[in-house]
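Okay, here's what each chain looks like letter by letter:
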Amino acid sequence: MGPAGRVGPTARVGPAGRATLWRRLVLGLAGLYFLVPLAASVVFTVDVPGQGLTFDAYTRILTTEGFTTSLLLSLALAAVTIAVVLLLMVPAMVALRLGAPRLRPVVETVCSLPLVVPPIAFVAGIGTVLKWGPEHLARTPLFQTFVALQNPDFPVVLVLAYVVMALPFVHRALDAGLRAVDVRTLVEAARSCGAGPVRALVTAVLPNLRGALMNAAFLTLALVLGEFTVAQLLGFRPFAVWIVNVSGSQAQLSVAVSVLSLLVTWVLLLALAGAGGRAPAARRTASTARTARTAKGQP
């Protein structure tokens, strides 16, 4: 037996060590679950029977008809959707937290409804309204509004649909960010320095919600780039619909585009995780003081 103060190596394996082992095992299995299909997809795009390894599927992406148009359309839809949903939700969430905290369950329930309503039912309702409008409003100025909503160059109706579909994710991201900061103190400090409501929101609250805003924007971007059902049934052709249409005649090309899209999404997620990390307490204090000086108009 060794000295009384020395602990044998078997005594080190406790609940914490077993938890770490299980955590690594679960993460390893999850990594295999995601990486094995991705690796199989990459092999499918570069291994052509009779030709060996070739990267033609990737080199032909930019020159394929419809790729640039559909991608730019999806990016434009994503940018407008992000702007609209943030302009709608940020002031509402801040006002809810400051003036009506009892309404939080109601707002949370309303924002969660898109998760309950199936997309096929949602798009069926939109299609019914779009068919009803021109038939009953043909002789009114609203007829041109319905026509503009369905402009194939930039379908505004998709933006409206995506805003509704993004509400659950944006609400969760903003709610988590607002819970991490003392919004009331920040607003009161900015107001005491002479800032109005809008300036207090912009200079004192939004800088402390950078991580939440980036999370909401990234989730909305991922939703718009990957959404298929609504766009397909309404007859539009953004990026996800283009990939499915191309897969019928050019399977390797469509898989190559999907792999690149997934890799770009992962890179954006990693960049978001690095940029939106929490700052140390000293940096948060300095940021709060800096926003207060900005709201007062001092350098």
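An account of the accompanying structure is given in this report.

**Looking at the pattern of salt bridges**
- Within this structure, the stated rule accounts for 2 salt bridges.
- For Glu108, the salt bridge identified is with Arg172, shortest N-O distance 3.1 Å. Residue Glu108 is found in helix α4 (residues 104-116), and its partner Arg172 is found in helix α7 (residues 156-179); the two are separated by 64 residues along the sequence.
- Looking at Glu108, the relative accessible area reads 26%, which means it is partly exposed.
- Here Asp175 makes a salt bridge to Arg179, at a shortest N to O gap of 2.8 Å. Taken together, the residues Asp175 and Arg179, both in helix α7 and 4 residues apart, mark about one turn of the helix.

**With respect to the packing of helix α3 (residues 67-99) against α7**
- Viewed as axis vectors pointing N to C, α3 and α7 meet at an angle of 45 degrees, and their least axial separation amounts to 8 Å. The angle between α3 and α7 places the two elements in the oblique class. Classified by chirality, the crossing of α7 by α3 is right-handed. Contact with α3, carried on its side by Leu77, Val80, Thr81, Val84, Val85, Leu86, Leu88, Met89, Val90, Met93, Val94 and Arg97, involves Leu158, Val159, Tyr162, Val163, Leu167, Val170, His171, Leu174, Asp175, Leu178 and Arg179 of α7 and no other residues of that element.

**Quick notes on the environment of Asp47**
- On the secondary structure map, Asp47 appears in strand β1 (residues 47-48).
- Judged by relative accessible area, Asp47 falls into the partly exposed class, the value being 40%.
- Along the primary structure Asp47 and Gln252 are separated by 205 residues, whereas in three dimensions their C-alpha atoms are 9.6 Å apart.
- The residues touching Asp47, leaving out its near neighbours within four places in the chain, are Gly52, Leu53 and Gln252.

**So, helix α8 (residues 183-192)**
- Residues Val183, Leu186, Val187 and Ala190 constitute the buried set of α8. Buried residues along α8 cover an arc of 95 degrees about the axis, so they all sit on one side.
- Trailing α8 by a residue or two, Gly194 shows a phi angle of about 100 degrees, which is positive.

Rules used throughout
- Residues numbered from 1 in each chain as written.
- Predicted model: local features only at pLDDT ≥ 70, side-chain atom pairs only at ≥ 80, totals over all residues.
- Heavy atoms only, no water.
- Salt bridge = Lys/Arg side-chain N within 4 Å of Asp/Glu carboxyl O.
- Helix = DSSP H or I, 4+ residues; strand = E, 2+ residues; numbered from the N terminus.
- Buried < 20%, exposed > 50% of the residue type's maximum accessible area, 1.4 Å probe, protein only.
- Axes fitted to C-alpha atoms, helices over the stretch in contact; angles between N-to-C directions.
- Parallel < 35°, antiparallel > 145°, perpendicular 65-115°, else oblique.
- Left-handed = near helix turned anticlockwise from the far one by under 90°.
- Contact = heavy atoms within 4.5 Å.
- Arc of directions from axis to C-beta.

Keep in mind these numbers describe shape, not what the thing actually does.
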